[in-house]
Amino acid sequence: MPTSFNETIIEEFRANEGKVGGPFAGGDLLLLTTTGARSGAERTTPLGYVRHGELLLLIGSSLGAPSHPGWYHNLLAHPVVRVEIGTRTFQALAVPAEGDRRDELFAHAVRIAPGYGDYQARTTRVLPVVVLERADPDGWQGPGEVRTLADKVMEVHTWLRGQLREVAAEVEVHFAERAAYQGPGEPPAPSLGLQIRQRCLAFCQALEFHHTSEDGHLFPGIARYHPHLGDTFARLTDEHRTVARIQAALVELLAGIGIAEPVRFRGELARMSAELNAHLDYEEEVIVPLLAEVPWPPVPPVNPGR
């Protein structure tokens, strides 16, 4: 099967520490790996980018085509993406800019790379401007060196708690913006709408993956050595179903933030956050001590034939 143009660029990028020739020679290029919105499979795309201070901006131009590019639809469904620039690889939270902020960032991109203005002129759709932000919440600090499975679980829990706090902080900023609006009519669309959606979605998807891993691999493995904890694992599995319902309710709650009554909204968010944190507390009390002697990463099994 012949190698596609994108595959050729990706291979050249990785073989030459981020440097490529051809139409991308000398330009700012990164590799963006998204998760397919429908397939769930990873997709890597070489993309030009624009720097704006410490921010990295992607423009969903598709060279002025009438439809948004596939990678844009993917990051709306799965906000945490992998980015490769030069020799660095890191995770980022992909957040489309909205309203005035989108217009300001797009104007900046056009000043740096005028071709984006030409692409916008070719199509009636508004070209998305995507900001690649830190995937980790502000003030993120893991539990230190991860040497055991207990450390790894605590690292995941710490990340999840931080994301939940970040959602709550962004909600407060959103309500403050609404309260400060003094103009006529309804306040403008909040600039944090997609920001909150993307971070909440990242939190919910990470929590779902964490629970799937526990139910499918971690808990059955522990149960073989601790059969007396059968009732505990049954409770945790049941809690996971409850947490899944809370996640769905949280996504639905945040979808209506633009018209929400602040006092009721804050109360609902606080109640859901308390339930989620209580679940993490229980796991840390019951499960984490059992994992303190299990090395991480896992030690490969010894082949007795050698």
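None of these values were measured; they are calculated from a predicted model.

Just checking my understanding: could you explain the overall build of the chain for this structure?
The secondary structure content of the chain amounts to eight helices and seven strands. In terms of overall dimensions, the chain has a C-alpha envelope of 70 × 65 × 35 Å along the principal axes. Looking at the chain residue by residue over its 306 residues, the buried ones come to 40%. Nonlocal contacts in the chain, meaning residues at least 24 apart in sequence, comprise 70% of its contacts between residues at least 6 apart. Charged side chains in the chain number 28 positive and 39 negative. The centres of these two groups are separated by 4 Å.

Explain unusual backbone geometry to me, please; I cannot follow it from the model alone.
Excluding glycine, most residues fall at negative phi; most peptide bonds, likewise, are trans. Positive phi, normally seen in glycine, also occurs at E17, with a value near 55°. Residue placement: E17 occurs in the loop between α1 (5-15) and β1 (29-35). Of the residues examined, E17 reaches a relative accessible area of 52% and is grouped as exposed. One non-glycine residue, S62, lies in the positive phi region at around 50°. Looking at the element boundaries, S62 is found in the loop between β4 (55-59) and α2 (70-77). Residue classification places S62 among the partly exposed positions, given a relative accessible area of 29%.

Help me out: how do you make sense of the packing of aromatic side chains in this one?
Two descriptors summarise a pair of aromatic rings, namely the distance from one centre to the other and the angle between the planes of the rings. Taken as a whole and judged by the stated rule, the model has four aromatic pairs. Taking NZ or CZ as reference, R102 lies 4.5 Å from the ring centre of F106, over its face. Just above the ring of Y282 sits the side chain of R235; from NZ or CZ to the centre is 3.6 Å.

I'm lost on the sheet that holds strand β7 (residues 129-134) in this one. Help?
If you walk across this open sheet you meet the seven strands as β2-β1-β5-β6-β7-β4-β3, and the pairing is antiparallel. The sheet is open, and its two borders are formed by β2 (42-48) and β3 (50-52), each paired with just one other strand. Within the sheet, the average angular offset between the axes of one strand and its neighbour, ignoring direction, is 35°. Strand direction decides the pairing type here: strand β5 (residues 80-85) and strand β6 (residues 88-96), joined by six bridges, are antiparallel. Note that in β6 the partner of V80 across the bridge is L93.

Can you help me understand the pairing of β2 in this one?
Looking at chain direction, β1 and β2 are connected through seven bridges and run antiparallel. Following the sheet pairing, L31 is matched in β2 by P46. Hairpin connection of β1 to β2: six residues between the antiparallel strands, including G40 at a positive phi of 75°.

Sorry, what's going on with the nonpolar core here?
By size, the foremost hydrophobic cluster in this structure holds 23 residues, and its most contacted members are V171, F203, L250, L254, F265 and L276. Mapped by element, the contributors of at least two residues to this core are α5 (149-180), α6 (193-225), α7 (230-255) and α8 (262-286). Top contributing element to this core by residue count: α5, with six residues. In this structure, L276 is in contact with L164, F203, L207, V243 and I246, ignoring residues within four places of it in sequence. With 16 residues, the next largest nonpolar core counts L32, V81, V83 and A92 among its residues.

Explain the packing of α6 against α8 to me, please; I cannot follow it from the model alone.
When two helices pack together, their arrangement is captured by the angle between the axes and the distance separating the axes. Closest axis-to-axis distance for the α6/α8 pair is 14 Å, and the angle between their directions is 30°. Overall, the two elements α6 and α8 adopt an arrangement that is roughly parallel. Between α6 and α8 the crossing geometry is left-handed. Residue-level contacts link F203, L207, H210, H211, E214 and F219 of α6 to L276, H279 and E283 of α8. Looking at the contact of α6 with α8, its residues break down into four nonpolar, three polar and two charged.

What is the right way to read the side chain of E284 from this model?
If you trace the backbone, E284 turns up in helix α8. E284 gets classed as buried once you look at its relative accessible area, which sits at 18%. Only 2.8 Å separates the side chain of E284 from the side chain of H157, close enough to count as a polar contact. Polar side-chain contacts of E284 include one of 2.9 Å to the side chain of R161. For E284, the residues in contact, after removing those within four places along its chain, are M154, H157, R161 and P289.

Definitions and cut-offs
Note on numbering: residues in each chain are counted from 1, in written sequence order. Note on the predicted model: pLDDT of at least 70 is required for a residue's local features to be given, and 80 or more for side-chain atom pairs to be given and counted; whole-chain, interface and lining totals, by contrast, use all residues. Note that the side-chain values use all heavy atoms of the structure and ignore hydrogens as well as water. Each helix is a run of H or I in the DSSP string that is no shorter than four residues. Each strand is a run of E no shorter than two, and both are numbered from the N terminus. Exposure classes here rest on a 1.4 Å probe applied to the protein chains alone. A residue is buried below 20% of its type maximum, exposed above 50%, and partly exposed in between. Any two residues having at least one pair of non-hydrogen atoms within 4.5 Å are treated as being in contact. In summary, the charge assignment counts Lys and Arg as positive and Asp and Glu as negative, without counting His or the chain termini. Note that the charge is assigned to NZ on lysines, CZ on arginines, CG on aspartates and CD on glutamates. Stacked, edge-to-face and tilted labels apply to pairs of Phe, Tyr and Trp rings (six-membered ring for Trp) whose centres lie within 6.5 Å, assigned for plane angles under 30 degrees, over 60, and everything in between, in that order. Definition used: whenever NZ (Lys) or CZ (Arg) falls within 6 Å of the ring centre and also within 35 degrees of the ring normal, the charge is taken to sit over that ring. Between any two strands, at least two bridges found by DSSP are needed for them to pair. Helix axes use the C-alpha atoms of the stretch in contact, all axes being lines fitted to C-alpha atoms, and the angles between their N-to-C directions lie in the range 0 to 180 degrees. Buried Ala, Val, Leu, Ile, Met, Phe, Trp, Tyr and Cys residues form a nonpolar core when they are joined through side-chain atoms within 4.5 Å. An angle counts as roughly parallel when it lies under 35 degrees, as roughly antiparallel when it exceeds 145, as roughly perpendicular when it falls between 65 and 115, and as oblique in every other case. It is the rotation of the near helix from the far one that decides the hand of a crossing: anticlockwise by less than a right angle makes it left-handed, clockwise makes it right-handed. Under the convention adopted here, Pro, Cys and the residues Ala, Val, Leu, Ile, Met, Phe, Trp and Tyr are nonpolar, Asp, Glu, Lys and Arg are charged, and Gly plus all remaining residues are polar. Residues adjacent in sequence count toward polar contacts only when both atoms are side-chain atoms; beyond that, a polar contact is any pair of N or O atoms within 3.5 Å, and within protein one must be able to donate a hydrogen and the other to accept it.

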